[in-house]
Amino acid sequence: MRFRAKIVDLACLNHFSRIINTIAKLAKTCILRLTVCKLYFILSDKVANGGASMWCELSQGNFFDEFQMEGVAAEHNEIYLEFVPENLWRALKTAQSAKAVKIKLTNKHCPCLRVAVELPSLSSSSRVVTHDIPVGVIPRRMWNDFREPSVPDFDVSIYLPVLKTMKSVVERMKNLSNFIVIEANLSGEMNLKIETDLVSVTTHFKDLGNPPWASEDGCQSSAQGRDLESMAEACIDIKKLQQLLAGQQVNPTKALCNIVHKRIIHFILLHEEVSLQYFIPAIA
């Protein structure tokens, strides 16, 4: 099992660092799945236990100048590692003006991702700062626990408002309640609501637009044949939503939300070469 990669382009490095920062805000620990073409960052707090889950996917070719990996076996050419994203982000933070960053899977005293940051120096010799990030190697028999979550059969799919706006609304609401209701319909309307014994606050968004899911890939969602005005809603933990919005270092080109009435909210954020899915279960 081997893995090594190198980033030379500074813009790619900073972009990669921002993605890791986003993930660090969503997950204390997560799974890094490495394949020949892609990297996946996976958080699967069991939704049944009220935990959120995340699936972030990026193509290695858009970030790395060199990328080599050999998986656990020829027919299972993948590697699954468990690690703390915050540690990787801290290592990358020291690399903001680096000449190159190399990442390598090593096993000195325990399995580690070694991040070697080559810094520019005035003399001919270069300075290299290395960070060893401990990782756990996930055995093959457990890989099935980290498959891509299936997109639920949603009642409403809607484009999100500008995330900065949404973030400032949610931050104000967070001071008033631990829970938030997101409701939306197929006429491009979405409301964020909190209700407590003392106060009831609703923010309305309209003309957001609804993605043309059903027509595009024939995917039968329960949205078909649904009354365009009727709202689907779910009440979720406001902190989980705030984490998602606060962590957005990457401004997505497309952001949408699927609601399964009273069951789950599924966010999809797309940015050129990165896709992030985040599932927040409803609170009964």
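Residues numbered from 1 in each chain as written. Predicted model: local features only at pLDDT ≥ 70, side-chain atom pairs only at ≥ 80, totals over all residues. Heavy atoms only, no water.

Student: An account of the domain arrangement of the protein is requested, with residue identities and associated values reported.
Tutor: Interface size, as often reported, equals the accessible area lost upon joining of the parts. Entries for the protein in the domain assignment read domain 1 (2-145) and domain 2 (156-281). Just the C-alpha atoms count here: the centres of domain 1 and domain 2 sit 29 Å apart. Contact between domain 1 and domain 2 buries roughly 1,700 Å² in total, counting both sides, with carbon and sulfur atoms accounting for 62%. Together, Thr 22, Lys 25 and Leu 26 form the three largest contributors to the area buried by domain 1 at its contact with domain 2, with a combined 29%. On inspection of domain 1 and its partner domain 2, the count reaches zero salt bridges. Within the residue set of the side of domain 1 that touches domain 2, elements represented by two or more residues are helix H1 (10-26) and strand E4 (53-59). Its residues assigned to classes, the side of domain 1 that touches domain 2 shows nine nonpolar, eight polar and three charged. (Domains from an automatic or database assignment. Buried area = accessible area lost by both parts, 1.4 Å probe. Salt bridge = Lys/Arg side-chain N within 4 Å of Asp/Glu carboxyl O. Helix = DSSP H or I, 4+ residues; strand = E, 2+ residues; numbered from the N terminus. Nonpolar A, V, L, I, M, F, W, Y, C, P; charged D, E, K, R; others polar.)

Student: Describe the sheet that holds strand E13 (residues 190-195), with residues and values.
Tutor: Taken in spatial order, the four strands make up an open sheet running E14-E13-E12-E15, and their pairing is antiparallel. Looking at the sheet topology across the chains shown, the edges are occupied by strand E14 (200-205) and strand E15 (232-237). Within this sheet the neighbouring strands show an average axis-to-axis angle of 20 degrees, counted without direction. Where strand E12 (residues 179-184) and E15 come together, six bridges link them in antiparallel fashion. Each residue of the ladder has a partner; that of Ile 182, found in E15, is Ala 234. Seen against the sheet, helix H5 (residues 238-246) touches E12, E13 and E15 and runs at an angle of roughly 90 degrees to E15. (Pairing = 2+ DSSP bridges. Axes fitted to C-alpha atoms, helices over the stretch in contact; angles between N-to-C directions. Contact = heavy atoms within 4.5 Å.)

Student: Help me get a handle on the side chain of Arg 33, residues and values and all.
Tutor: Along the chain, Arg 33 turns up in strand E2 (residues 30-34). Residue classification places Arg 33 among the buried positions, given a relative accessible area of 10%. Here the side chain of Arg 33 touches Glu 78 through a polar contact of 2.9 Å, side chain to side chain. With near-sequence residues (within four places) excluded, Arg 33 lies in contact with Lys 38, Leu 39, Tyr 40, Ile 42, Trp 55, Glu 78, Ile 79, Tyr 80 and Arg 147. (Buried < 20%, exposed > 50% of the residue type's maximum accessible area, 1.4 Å probe, protein only. Polar contact = N/O pair within 3.5 Å; in protein donor to acceptor, adjacent residues only side chain to side chain.)

Student: How would you sum up the nonpolar core? Please name residues and give values.
Tutor: The biggest cluster of nonpolar side chains holds 76 residues, and the ones touching the most others in it are Phe 3, Phe 16, Phe 41 and Phe 267. Looking at which domains feed residues into this core, each of domain 1 (2-145) and domain 2 (156-281) supplies at least three. Those residues in contact with Phe 267, other than ones at most four positions away along the chain, are Leu 160, Ile 182, Leu 241, Leu 244, Leu 256, Cys 257, Leu 276, Gln 277, Tyr 278 and Ile 280. (Core = buried A, V, L, I, M, F, W, Y, C linked by side-chain atoms within 4.5 Å.)

Student: Can you tell me about the confidence of the model for the protein, naming the residues and giving the values?
Tutor: Predicted confidence across the protein gives a mean pLDDT of 90, with 93% of residues reaching 70 or more. Below a pLDDT of 50 lies the segment residues 214-218, which in the model reaches three contacts outside its immediate sequence neighbourhood of four places, other chains included. (pLDDT = per-residue confidence, 0-100.)

Student: Which residues make up the packing of H1 against helix H2 (residues 85-93), and what values go with them?
Tutor: Across the interface, H1 lies against H2 with an axial gap of 8 Å and an inter-helix angle of 150 degrees. Compared by their axis directions, H1 and H2 come out roughly antiparallel. When you trace H1 past H2, the crossing you get is left-handed. In this structure, H1 uses Leu 13, Phe 16, Ser 17, Ile 20, Asn 21, Ile 23 and Ala 24 to contact H2, whose residues at the interface are Pro 85, Glu 86, Leu 88, Trp 89 and Leu 92. (Parallel < 35°, antiparallel > 145°, perpendicular 65-115°, else oblique. Left-handed = near helix turned anticlockwise from the far one by under 90°.)

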